[in-house]
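Spelled out from the first residue to the last, the chains are:
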Amino acid sequence: MSQVMQQLTVHLKGGQTVTVPFNAEKADTLNPQIEAFLQSLGNKEKAEGNFLFQGARVVLIRLADVSACEVVSLIRKEEAKAE
């Protein structure tokens, strides 16, 4: 059994880094919140707004403060227990 995780790392203009983990369906398909965030970054109308990530960890990011971001997909496989 395996679990797909995606880790979003957001680099802010002030030098801070925010990392937010997400569960994902597939390693090659972005989590819907990550996809919406990336689309908001490219939308000039939303550039002065905020983006709220919801889940086990709630994170609010001011879009104008973002200088870069990256997504890494991780697959965690559970080993079968020997009896």
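What counts and what doesn't
Residues numbered from 1 in each chain as written. Predicted model: local features only at pLDDT ≥ 70, side-chain atom pairs only at ≥ 80, totals over all residues. Heavy atoms only, no water. Helix = DSSP H or I, 4+ residues; strand = E, 2+ residues; numbered from the N terminus. Rg over C-alpha atoms; globule rule 2.2 N^0.38 Å. Buried < 20%, exposed > 50% of the residue type's maximum accessible area, 1.4 Å probe, protein only. Contact = heavy atoms within 4.5 Å. pLDDT = per-residue confidence, 0-100. Core = buried A, V, L, I, M, F, W, Y, C linked by side-chain atoms within 4.5 Å. Patch = residues over 30% accessible without salt bridge, like charges linked within 9 Å, V, L, I, M, F, W, Y side chains within 5 Å. Areas by Shrake-Rupley, 256 points an atom, 1.4 Å probe, with all protein chains shown as cover. Salt bridge = Lys/Arg side-chain N within 4 Å of Asp/Glu carboxyl O. Pairing = 2+ DSSP bridges.

Below, the discussion takes up the overall build of the chain. A tally of regular secondary structure across the chain gives one helix and five strands. What you see in the chain, going N to C, is helices and strands ordered as β-β-α-β-β-β. In terms of C-alpha radius of gyration, the chain reaches 15 Å, well past the compact-globule figure of 12 Å for 83 residues. Taken along the three principal axes of its C-alpha coordinates, the chain extends 55 × 25 × 20 Å. Burial analysis of the chain (83 residues in total) assigns 25% to the buried set. Long-range contacts, defined here as pairs at least 24 residues apart, represent 50% of the contacts in the chain between residues at least 6 apart.

Of the residues in the chain, 94% reach a pLDDT of 70 or more, and the chain-wide mean stands at 90. Averaged pLDDT values over the elements of the chain bottom out at 92 in strand E5 (residues 66–77) and peak at 96 in strand E3 (residues 50–53).

In this section: the nonpolar core. Counting 14 residues, the largest nonpolar core has Leu8, Val10, Phe37, Phe53 and Ile61 as its most contacted members. Listing elements by their share of this core, those giving two or more residues are strand E1 (2–12), strand E2 (17–24), helix H1 (32–41), E3 and strand E4 (59–62). When sequence neighbours within four positions are dropped, the list of residues in contact with Ile61 reads Val10, Leu12, Phe37, Gly49, Asn50, Phe51, Phe53 and Val66.

Moving on, we get to a nonpolar patch on the surface. Among the surface-exposed residues, Leu52, Val58 and Leu60 lie close enough to one another that they form a single nonpolar patch of about 290 Å² accessible area. Mapped onto the secondary structure, Leu52 falls in strand E3.

Burial of E3 is one-sided: the residues Phe51 and Phe53 facing one way are buried, the residues Asn50 and Leu52 facing the other way are not. With four bridges joining them, E3 and E4 adopt antiparallel strand pairing. Residue pairing for E4: Asn50 is matched across the bridge by Arg62.

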